[in-house]
Amino acid sequence: MDNVFDILQERGFVEQSTNMEEVRELLGSGPVTFYIGFDPTADSLHVGHFIQIMVMMHMQKAGHRPIALIGGGTTLVGDPSGRTDMRKMLTKEEIAANAEKFKKTFSRFLRFDDKDGAIMVNNADWLLDLKYIEFIRDYGRFFSVNRMLTAECFKIRLEKGLTFLEFNYMLMQSYDFLELYRRYGALLEMGGNDQWSNILAGADLIRRVEGAQAHALTFKLLTTAAGKKMGKTESGAVWLDPEKTSPYEFFQYWRNIDDGDVIRCMKMLTFLPLEEISDIEKKTASGDGKAINGAKERLAFELTKLVHGEEEAEKA
């Protein structure tokens, strides 16, 4: 079986890693338990999250064990990564309701039904019961404030004001990795590249506290060829929940993306074989309008089928 690291790299996912060769060797040596965290800041996942879900599906198909971590605890603080302002504060009830909807979405894409299947956990289970003084005394001493202030996730916020509440987020996410290492043997945390500093800090905490080696791997964010975030329309985000973005609207979004984004999205957001995508790329390279339109329709169909099922894709 092909090493899933090579598959992810060939499809354009991989951005940064603690040690490319070591991570590749780890993923080729047998089943690895890994995790990706999702903060339930809204009542649905959106297409930006779908990159992460695709990675989890590729990893599970290759025999690795995903942990979908729902951030019921971290959402109470709010991740400052990539933000110029503080996130909206949600109540515990709102977060719990959003988390339930996330669970239903994950069950459509990952296999949870056997002893080696995916795991879904909520970091509220351990974060909400922590005693602050004990936590800071036991783990805060491993974090250098000077080093934290150089992290990309804090740099943007420093210009407009970083609250002490948000400053705790890196410690909490790092502790999540440590907790999942202890509970399930998780050796790898994955996420979007805007999470690099947080993920790296978690791997470092495991090394310092447990004397064990853990790894970080980030993947490219879903952006256009011009560098803008994808998944936004005039009416708002493109959601995975059919009640928030209908399958028809979802299909139309992908049908109408820029020509230069089609092949990259095919590689990252569908399971079409790379050989087939390469053939499509050759046909569209000349700028033939008919070929490009056909490629867009194929992308829209395959992606809508993945997210909403073949029947809805056919209708769309």
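Just above sits the structure.
Now for a look at the structure at hand. Just so it is clear, the structure is predicted and the values come from calculations on it, not from any experiment.

### Here's the deal with the sheet that holds strand β6 (residues 215-219)
Here is step 1: An order of β1-β6-β5-β2-β3-β4 is seen for the six strands of this open sheet, with the pairing classed as mixed. The open sheet has two free edges, formed respectively by β1 (14-17) and β4 (119-122), since each of these has just one partner strand. With direction set aside, neighbouring strand axes in the sheet form an average angle of 25 degrees.
Here is step 2: With two bridges connecting them, strand β2 (residues 33-38) and strand β5 (residues 188-192) associate as parallel partners. Within the sheet, the bridge partner assigned to Tyr 35 lies in β5 and is Glu 189.
Here is step 3: Set on the sheet, helix α4 (residues 92-109) makes contact with β2, β3 (65-70) and β4; between it and β3 the angle comes to about 160 degrees.

### A short note on the packing of aromatic side chains
Here is step 1: For the structure shown, the criterion picks out eight aromatic pairs.
Here is step 2: Aromatic side chains Phe 50 and Phe 109 sit 5.4 Å apart centroid to centroid with 70 degrees between the ring planes, which places their arrangement in the edge-to-face category. A residue pair is termed long-range when its members are at least 10 positions apart, and Phe 50 in helix α3 (residues 47-61) and Phe 109 in helix α4 qualify at 59 residues.
Here is step 3: Here the aromatic cluster, defined as three or more aromatic residues joined through ring pairs, consists of Phe 135, Tyr 139 and Tyr 175.
Here is step 4: Residue placement shows Lys 61 over the ring face of Phe 271; its charged tip is 4.3 Å from the ring centre.
Here is step 5: Between Lys 244 and the ring centre of Trp 239, over which it is positioned, the NZ or CZ distance is 4.6 Å.

### Focus on the side chain of Asn 168
Here is step 1: Topologically, Asn 168 is positioned in the loop between α9 (164-167) and α10 (169-184).
Here is step 2: A relative accessible area of 11% places Asn 168 in the buried class.

### Let's talk about the environment of Tyr 181
Here is step 1: Looking at where Tyr 181 falls in the secondary structure, it is placed in helix α10.
Here is step 2: Sequence separation between Tyr 181 and Leu 110 is 71 residues; the distance between their C-alpha atoms is 21 Å.
Here is step 3: With residues up to four places along the chain from it excluded, the contact list for Tyr 181 reads Ala 186, Leu 187, Ile 206, Glu 210 and Ala 212.

### Re the environment of Thr 150
Here is step 1: Structurally, Thr 150 is set in the loop between α7 (145-148) and α8 (152-160).
Here is step 2: Between the C-alpha atom of Thr 150 and that of Lys 267, which follows or precedes it by 117 residues, the distance is 33 Å.
Here is step 3: One polar contact links the side chain of Thr 150 to the main-chain carbonyl oxygen of Arg 147, over a distance of 2.6 Å.

### Considering the nonpolar core
Here is step 1: Phe 50, Met 59, Met 190, Trp 254, Met 266 and Leu 269 are the most contacted members of the largest nonpolar core, which has 59 residues in total.
Here is step 2: If one sorts the elements of this core by residue count, α3 sits on top with nine residues.
Here is step 3: Sequence-distant contacts of Leu 269, defined by excluding residues within four places in its chain, comprise Phe 50, Ile 51, Met 54, Leu 222, Trp 254, Leu 303 and Leu 306.
Here is step 4: Counting residues in each nonpolar core, the second largest holds 31 residues, with Met 170, Phe 177, Leu 178 and Ile 206 among its members.

### Examining a nonpolar patch on the surface
Here is step 1: Nonpolar side chains collect at one region of the surface, where Tyr 132, Ile 133 and Phe 164 lie side by side and expose about 380 Å² of accessible area between them.
Here is step 2: A relative accessible area of 56% places Phe 164 in the exposed class.

### With respect to the pattern of salt bridges
A side chain with one charge may pair with a side chain of the opposite charge, provided their charged atoms come close.
Here is step 1: Across all of its chains, the model carries 17 salt bridges by this definition.
Here is step 2: One salt bridge connects Lys 103 with Glu 100, and the closest N-O pair in it is separated by 3.2 Å. Taken together, the residues span about one helical turn, with Lys 103 and Glu 100 both in helix α4 at a distance of three residues.
Here is step 3: What makes Glu 100 partly exposed here is its relative accessible area of 43%.
Here is step 4: One salt bridge in this structure joins Arg 255 and Glu 297, with 3.6 Å as the shortest N-O distance. Separated by 42 residues along the polypeptide, Arg 255 in helix α12 (residues 247-255) and Glu 297 in helix α15 (residues 289-308) bring together distant segments of the chain.
Here is step 5: Residue class for Arg 255 comes out buried when judged on its relative accessible area of 17%.
Here is step 6: Ionic contacts of the salt-bridge type, sharing partners, join the residues Arg 147, Asp 204, Arg 207 and Arg 208 into one network.

Parameters and conventions
Residues numbered from 1 in each chain as written. Predicted model: local features only at pLDDT ≥ 70, side-chain atom pairs only at ≥ 80, totals over all residues. Heavy atoms only, no water. Pairing = 2+ DSSP bridges. Helix = DSSP H or I, 4+ residues; strand = E, 2+ residues; numbered from the N terminus. Axes fitted to C-alpha atoms, helices over the stretch in contact; angles between N-to-C directions. Contact = heavy atoms within 4.5 Å. Phe/Tyr/Trp six-rings, centres within 6.5 Å; stacked < 30°, edge-to-face > 60°. Lys NZ or Arg CZ within 6 Å of the ring centre and 35° of its normal. Buried < 20%, exposed > 50% of the residue type's maximum accessible area, 1.4 Å probe, protein only. Polar contact = N/O pair within 3.5 Å; in protein donor to acceptor, adjacent residues only side chain to side chain. Core = buried A, V, L, I, M, F, W, Y, C linked by side-chain atoms within 4.5 Å. Patch = residues over 30% accessible without salt bridge, like charges linked within 9 Å, V, L, I, M, F, W, Y side chains within 5 Å. Areas by Shrake-Rupley, 256 points an atom, 1.4 Å probe, with all protein chains shown as cover. Salt bridge = Lys/Arg side-chain N within 4 Å of Asp/Glu carboxyl O.

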